Amino acid sequence: MSGHAIRKATLDDLETIVDFNIRLAAESEDTHLDRETVRGGVRGLLADAARGAYYVACGPGIVGQMMHTHEWSDWRNGDIWWIQSVYVHPDHRRRGVCRALYEHIRERAAADPGVVGVRLYVERENARAQATYAALGMRQGGYLVMQDLFGAGG
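These numbers were taken from a predicted model, which means no experiment stands behind them.

Draft legend 1. Unusual backbone geometry, seen in detail. Positive phi is not limited to glycine here, since Asp30 has a value of about 50 degrees. Positionally, Asp30 belongs in the loop between α1 (14-29) and α2 (35-47). We classify Asp30 as exposed; its relative accessible area is 72%.

Draft legend 2. Quick peek at the pairing of strand β5 (residues 115-120). The pairing of strand β4 (residues 78-88) with β5 spans five bridges and is classified as parallel. What sits directly across from Asp79, in β5, is Val115. Crossover β4 to β5 through helix α3 (residues 97-111) is right-handed.

Draft legend 3. Representation of the packing of α1 against α2 in the model. Between α1 and α2, the shortest axis-to-axis distance is 9 Å and the interhelical angle comes to 125 degrees. Considering the angle they form, α1 stands oblique to α2. Handedness of the α1/α2 crossing: right-handed. Together, Leu14, Glu15, Ile17, Val18, Asp19, Asn21 and Ile22 of α1 and Arg35, Val38, Arg39, Val42, Arg43 and Leu46 of α2 make up the contact between the two elements. Residues of the contact of α1 with α2, tallied by class, amount to seven nonpolar, one polar and five charged.

Draft legend 4. Geometry of the nonpolar core. Ranked by size, the top nonpolar core spans 23 residues in total, and within it Met66, Ile83, Cys98, Leu101 and Tyr133 carry the most contacts. Mapped by element, the contributors of at least two residues to this core are β2 (52-58), β3 (62-73), β4, α3, β5 and α4 (127-135). It is α3 that provides the largest number of residues to this core, a total of seven residues. Within the second largest apolar cluster, 14 residues are counted, among which are Leu14, Val18, Leu45 and Val56.

What counts, and at which threshold
- Residues numbered from 1 in each chain as written.
- Predicted model: local features only at pLDDT ≥ 70, side-chain atom pairs only at ≥ 80, totals over all residues.
- Heavy atoms only, no water.
- Helix = DSSP H or I, 4+ residues; strand = E, 2+ residues; numbered from the N terminus.
- Buried < 20%, exposed > 50% of the residue type's maximum accessible area, 1.4 Å probe, protein only.
- Pairing = 2+ DSSP bridges.
- Right-handed = clockwise from strand over helix to strand, strands pointing away.
- Axes fitted to C-alpha atoms, helices over the stretch in contact; angles between N-to-C directions.
- Parallel < 35°, antiparallel > 145°, perpendicular 65-115°, else oblique.
- Left-handed = near helix turned anticlockwise from the far one by under 90°.
- Contact = heavy atoms within 4.5 Å.
- Nonpolar A, V, L, I, M, F, W, Y, C, P; charged D, E, K, R; others polar.
- Core = buried A, V, L, I, M, F, W, Y, C linked by side-chain atoms within 4.5 Å.

Take it as geometry only, folks, not as evidence of what the structure does.
Pasting the structure below:
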């Protein structure tokens, strides 16, 4: 365990989460995100628990984040929680922050009888992230993600 307190994010955490998401896109995908678009997206999730939740690891200050959203699985008759927006500040990496966040979300999901599992997607070239998730007990699901994004993000 990292020794970091994990808590559900609130609107007070908005700017830190926006900053972390922008850093995440730049580091993992070499992508520049529009700050106002990200701010609206983060605010939208924080304001509507039906969409999911952000959890943050506190250090002093927020040192990491992880979000989950919901997918209904008719095959399994339950929700699958998708883990997204995983980011640990560089000064706090390799200290168990990601593991603490993952274990917190996984425990919450496993305790909910309506949730049947957790998933995430990871960039094919991001071997370090893949190794991290494998060390947490996750394995490849055998799916290839296809998409058709609209607008500038497509």
